[in-house]
Structures are given as structure tokens and as C-alpha cells.
Amino acid sequence: MIALDERKRLEEFGLKIRILREEKRISQKELAKRLEISPQALANYEKGKRMPGINILVRLSEELDVSIDFLLGLTDIRKPRSRMVKEQLEMLESIQEKEEILSLIEELSNWEPEAVKIIERFLKRVRKNIESRDKGRHIQ
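Summary of the structure given here. (Residues numbered from 1 in each chain as written. Predicted model: local features only at pLDDT ≥ 70, side-chain atom pairs only at ≥ 80, totals over all residues. Heavy atoms only, no water.)

Glancing now at the side chain of Glu46. Counting through the fold element by element, Glu46 comes out in helix α3 (residues 39–46). A relative accessible area of 9% places Glu46 in the buried class. Of note is the side chain of Glu46, whose polar atom sits 2.9 Å from the side chain of Gln28. The residues touching Glu46, leaving out its near neighbours within four places in the chain, are Gly14, Leu15, Ile17, Arg18, Arg21 and Gln28. (Helix = DSSP H or I, 4+ residues; strand = E, 2+ residues; numbered from the N terminus. Buried < 20%, exposed > 50% of the residue type's maximum accessible area, 1.4 Å probe, protein only. Polar contact = N/O pair within 3.5 Å; in protein donor to acceptor, adjacent residues only side chain to side chain. Contact = heavy atoms within 4.5 Å.)

Moving on, we get to helix α4 (residues 54–64). Among all positions of α4, only Ile56, Leu57, Leu60, Ser61 and Leu64 are buried. The arc enclosing the buried residues of α4, seen along the axis, measures out at 145°, which places them on a common side. Opposite its buried face, α4 presents the exposed residues Ile54, Asn55 and Glu62, each directed more than 90 degrees away. Asp65 sits one or two positions beyond α4 and adopts a positive phi of about 60°. (Arc of directions from axis to C-beta.)

Moving on, we come to the packing of aromatic side chains. If you walk through the whole model with that rule in mind, you get zero aromatic pairs. Positioned above the aromatic ring of Phe70 is the side chain of Lys16, whose terminal nitrogen or guanidinium carbon lies 4.2 Å from the ring centre. (Phe/Tyr/Trp six-rings, centres within 6.5 Å; stacked < 30°, edge-to-face > 60°. Lys NZ or Arg CZ within 6 Å of the ring centre and 35° of its normal.)

If you check helix α1 (residues 4–23), its first and last C-alpha atoms are 28 Å apart, about what 20 residues at 1.5 Å a residue would give, namely 28 Å. Every buried residue of α1 is listed here: Leu10, Phe13, Gly14, Ile17, Leu20 and Arg21. In a view along the axis of α1, the buried residues occupy a sector of 130°, so they form one face of it. Exposed side of α1, more than 90 degrees from the buried face: Leu4 and Asp5 are the residues found there. Buried residues in α1 make contact with α2 (28–35), α3, α4 and α5 (68–71). (Expected span 1.5 Å × (residues − 1).)

Our focus in this paragraph is the layout of surface pockets. Of the pockets and cavities examined, the largest pocket occupies roughly 160 Å³. As for the largest pocket, its lining consists of Arg9, Glu12, Phe13, Leu15, Lys16, Ile19, Met51, Leu71, Leu72 and Gly73. A total of six residues in the lining of the largest pocket trace back to one element, the largest contributor, which is α1. Its residues placed into classes, the lining of the largest pocket shows six nonpolar, one polar and three charged. (1 Å grid on protein atoms, 1.4 Å probe; cavity = no way out; pocket = protein on both sides within 12 Å on 5 of 7 lines; lining within 4 Å. Points joined across faces, edges and corners; volume = space filled by probe spheres on them. Nonpolar A, V, L, I, M, F, W, Y, C, P; charged D, E, K, R; others polar.)

As a further point, take the nonpolar core. Core analysis: the largest hydrophobic core is formed by 18 residues, its most contacted members being Ile17, Ile37, Leu42, Leu60, Leu64 and Leu71. Contributions of two or more residues to this core are made by α1, α2, α3, α4 and α5. Top contributing element to this core by residue count: α4, with four residues. Beyond its immediate sequence surroundings of up to four residues, Ile37 is in contact with Ala32, Leu42, Tyr45 and Ile56. (Core = buried A, V, L, I, M, F, W, Y, C linked by side-chain atoms within 4.5 Å.)

What is shown is where atoms sit, not what they do.
See below:
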């Protein structure tokens, strides 16, 4: 027989998974597929009937973009500080790369017209590839 405290923790854990999944607008079926488990297993976690093993717990944390401690109700902080710092550094690098690109674009006025045309054709191809990739994501 499951103790009352353990049942309550299971229910809170399941509710947290469901809320996080819905915030990310992921269906149960899709999340189960990403976790490589059955939709029924995920439903049992969300209903507080079962607790996943450590491997699934780690993958849930990754898919829902929260710490394991947050999933288990041990903290109210969604992400560990190290993950937040990493994301902030990536954002700063992205900004720096954009500034470098803008600086190059400003220099284009001094370049030979043929070089400018080559760069223009290249950028158009890149944009086309990105647009076709993004269309593929929306279809899935």
C-alpha cells in the first residue's frame, strides 16, 4: 500500500509533468515518442500512478527544459543556474555574431561589385534553405 505522503508526491509530480508538457504545447503522444516510452506509461506518470526510472526522469527534464529537482518538487527554480548561464552566453554569442555580420555589410560598399553579387546570391540561397527547413518543421 502506498503511503499518503508518497501518493501526494506522485500526484504533484504527475501534475507538474502535465502542466509543463501543456506549456510547451506537446501532446502526450508526442512527448511519449520523444521519451521512447508508450503513451500509456506517460499517462500513468501524469496521473500519479507511477514514477519513472532515473533514465526517463533525466529525459523528461531535458524535454521539458527543467531541472530534475524542479520535477521532483525539491525546488521552485525551473532551471539549474548552470543551464541558465549557458543559455545567456549563447545569446550573447549570437548577438556578437550579428554585430560582426552588420559590420561586414557596412564594408560591402568598398568591395568590388562582382564580390557583392556573389555574397548576395549566397545569402539568398541561405535564406531559401532556412525557409524550406522551417516549412518542414511546421508540417511535422
